[in-house]
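Here is what each chain is made of, one letter per residue.
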Amino acid sequence: MAKIISVVNQKGGVGKTTTAVNLSAALGQLGHRVLLVDIDPQGNSTSGFGINKRAISLSSYEIITNQANIEDAIVETSAENVWILPSNMNLAGAEIEIIEVEKRESILKTALLKISDRFDYIFIDCPPSLGLITLNSLCASDTFLVPIQCEYYALEGLSQLMSTVRQIKRRYNPYLELESVLLTMYDGRLNLTQQVVAEVKKFFPNKVFATVIPRNVRLSEAPSFGQPVIYYDRRSQGAESYIRLAQEFLSKQK
């Protein structure tokens, strides 16, 4: 059975999709079978692997609304050992469509159980909100990974996220735990960065990855070429950081 990890932060622009795509690709290169589930209507994880969002016939929308089998919607990517459940803008209206469905919070969990034994890890790229789709992700997950950018408002809204997680643990998924916090957009030359790191470590003691993700041009360029950064420019600082992150992530699983 795969370990299922939500990549979540209701604040946008924190490196959530960048992390979901590049950590998945790095783990795939290290020999692990990975499924990336894109449940963000923007579909950036989907295009990050070079998949045309307009050309897909089945997506996470059909899975969330119970219109298709997940086995039929999964697509093999060009990255080694990585598959994806793609997404597109159709998903934007899904929350309204399932609002009255019985056990609506467990739709994704039920779908993933059917294919979980085919993978080592399943990452879920969540939308930047704490709505019903993110609730589905957290109910399906064993752990959740929180990317935080090293900027002034880094911890803004995190108390709301943790409060939501506590409610989900109490009502739906008692086994949900924090995987780790990942510091992104890191610039060690700035005093502000050091202050944010200290604050995050105080907020999440013993739960912060030692690996940090720097600001890196190649990391920003890679999605426009439809490639994870380790395929776009393996020698870049961004690629090396995600390879180290994958190795650290694996060491924590032991």
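Look up: the structure comes first, before these words.
Everything quoted here is computed from the prediction, not taken from an experiment. Per chain, the residues get numbers from 1 upward, laid out in the order the sequence is written. Note on the predicted model: pLDDT of at least 70 is required for a residue's local features to be given, and 80 or more for side-chain atom pairs to be given and counted; whole-chain, interface and lining totals, by contrast, use all residues. The basis for every side-chain value is the complete set of non-hydrogen atoms in the structure, without hydrogens or water.

Points about the overall build of the protein chain
Right, so step 1: What the protein chain contains, in helices and strands, is 12 helices and 7 strands.
Right, so step 2: For the protein chain, the spread of C-alpha atoms along the principal axes amounts to about 50 × 40 × 35 Å.
Right, so step 3: Under the scheme applied here, a residue whose accessible area is under 20% of the maximum for its type counts as buried, over 50% as exposed, and between as partly exposed, the area being computed with a 1.4 Å probe on protein chains only. Here the protein chain, with 254 residues, has 54% of them falling under the buried criterion.
Right, so step 4: Between two residues, a contact is recorded if the distance between any of their heavy atoms is within 4.5 Å. Across the protein chain, the fraction of contacts at a sequence separation of at least 24, relative to all contacts at a separation of at least 6, is 79%.
Right, so step 5: Note on areas: these come from Shrake-Rupley sampling with a 1.4 Å probe, and a residue is covered only by the protein chains present in the view. Of the roughly 11,700 Å² that the protein chain leaves accessible, carbon and sulfur atoms contribute 47%. Only runs of H or I of at least four residues qualify as helices and only runs of E of at least two qualify as strands under DSSP, and these elements are numbered from the N terminus.

Regarding the state of the cysteines
Right, so step 1: A pair of cysteine sulfur atoms is labelled a disulfide when the two atoms are within 2.5 Å. Scanning the entire structure with this criterion turns up 0 disulfides.
Right, so step 2: The thiol sulfur of Cys 126 is not disulfide-bonded, and the nearest other cysteine sulfur, from Cys 139, lies at 11 Å.
Right, so step 3: The exposure class of Cys 126 is buried, given its relative accessible area of 0%.
Right, so step 4: On the accessibility criterion, Cys 139 (3% relative accessible area) is buried.

Concerning the sheet that holds strand S6 (residues 143-149)
Right, so step 1: The 7 strands are arranged S3-S4-S2-S5-S1-S6-S7 in an open sheet whose pairing can be described as mixed. Edge positions in the sheet fall to strand S3 (75-76) and strand S7 (177-184), since each has one partner strand and no second.
Right, so step 2: Relative to S7, S6 is paired through 7 bridges, and the arrangement is parallel. Bridge assignment links Pro 147 to a residue of S7, and that residue is Leu 182. When DSSP finds two or more bridges between two strands, those strands count as paired.

Focus on the pairing of strand S5 (residues 121-125)
Right, so step 1: In terms of residue burial, S5 counts as a mostly covered element, since 5 of its 5 residues are buried.
Right, so step 2: Of the two faces of S5, the one holding Tyr 121, Phe 123 and Asp 125 and the one holding Ile 122 and Ile 124 are both buried throughout.
Right, so step 3: With 5 bridges connecting them, strand S1 (residues 3-7) and S5 associate as parallel partners. When the bridges of S5 are listed, Ile 4 appears paired with Ile 122.
Right, so step 4: In the sheet, strand S2 (residues 34-38) pairs with S5 via 5 bridges, with the strands oriented parallel. Looking at S5, one finds that Val 34 is bridged to Tyr 121.

Details of the packing of aromatic side chains
Right, so step 1: The criterion for an aromatic pair is that two Phe, Tyr or Trp rings (for Trp, the six-membered ring) have centres within 6.5 Å, with stacked assigned to planes under 30 degrees apart, edge-to-face to planes over 60 apart and tilted to the rest. Across all of its chains, the model carries 6 aromatic pairs by this definition.
Right, so step 2: Taken together, a centroid distance of 5.7 Å and an interplanar angle of 65° make the contact between Trp 83 and Phe 119 edge-to-face. Of this pair, Trp 83 sits in strand S4 (residues 82-85) while Phe 119 is found in the loop between helix H6 (107-113) and S5, placing the two residues 36 residues apart along the sequence.
Right, so step 3: Judged by centre distance (4.9 Å) and plane angle (25°), the ring pair of Phe 225 and Tyr 232 falls under stacked.
Right, so step 4: Assessed through its relative accessible area of 21%, Tyr 232 is described here as partly exposed.

Digging into helix H9 (residues 191-203)
Right, so step 1: Take the residue count of a helix, subtract one, and multiply by 1.5 Å to get its expected span. When the terminal C-alpha atoms of H9 are compared, their 19 Å separation across 13 residues agrees well with the 18 Å that a helix rising 1.5 Å per residue should span.
Right, so step 2: Residues of H9 that are buried make contact with S6 and S7.

With respect to the packing of helix H1 (residues 16-29) against helix H12 (residues 237-253)
Right, so step 1: Packing of H1 against H12 leaves a shortest axis separation of 9 Å and a crossing angle of 70°. Taken together, H1 and H12 sit at an angle that is classed as roughly perpendicular. Residues Thr 18, Thr 19, Asn 22, Leu 23, Ala 26 and Leu 27 of H1 form the contact with H12, whose own contacting residues are Tyr 242, Ile 243, Leu 245, Ala 246, Phe 249 and Leu 250. Axes, fitted as lines to C-alpha atoms, cover a helix only where it is in contact. Angles between the N-to-C directions of the axes lie from 0 to 180 degrees. Angles are sorted into four bins: roughly parallel if under 35 degrees, roughly antiparallel if over 145, roughly perpendicular if 65 to 115, and oblique for all others.

Some thoughts on a nonpolar patch on the surface
Right, so step 1: On the surface, Tyr 152, Tyr 153, Leu 190 and Leu 192 cluster together into a nonpolar patch covering about 450 Å² of accessible area.
Right, so step 2: Tracing the sequence through the fold places Tyr 152 in the loop between S6 and helix H8 (158-171).
Right, so step 3: The class of Tyr 152 is exposed, set by a relative accessible area of 64%. Surface patches are defined over residues having more than 30% relative accessible area and no salt bridge, joining like charges when they lie within 9 Å and nonpolar side chains (Val, Leu, Ile, Met, Phe, Trp, Tyr) when within 5 Å. Think of a salt bridge as a Lys or Arg side-chain nitrogen and an Asp or Glu carboxyl oxygen that are within 4 Å of each other.

Observations regarding the nonpolar core
Right, so step 1: Leu 35, Val 37, Leu 112, Ile 122, Phe 144 and Phe 204 are the most contacted members of the largest nonpolar core, which has 51 residues in total.
Right, so step 2: Residue contacts for Leu 35: discarding those within four places in its chain leaves Ile 74, Trp 83, Ile 84, Leu 85, Leu 112, Ile 115, Phe 119, Tyr 121, Ile 122 and Phe 123.
Right, so step 3: Nine residue types can take part in a nonpolar core, namely buried Ala, Val, Leu, Ile, Met, Phe, Trp, Tyr and Cys, and a core is a set of them joined through side-chain atoms within 4.5 Å. Val 7, Leu 23, Phe 123 and Leu 219 belong to the second-largest nonpolar core, a separate cluster that totals 33 residues.

Digging into unusual backbone geometry
Right, so step 1: Backbone geometry places Asn 66, a non-glycine residue, at a positive phi of 60°.
Right, so step 2: Relative to the helices and strands, Asn 66 resides in the loop between helix H3 (60-64) and helix H4 (70-73).
Right, so step 3: Judged by relative accessible area, which is 58%, Asn 66 ranks as exposed.
Right, so step 4: Positive phi values are uncommon outside glycine, yet Asn 206 reaches one of about 65°.
Right, so step 5: Along the polypeptide, Asn 206 turns up in the loop between H9 and helix H10 (217-221).

Function cannot be read off these values alone, since they describe shape.
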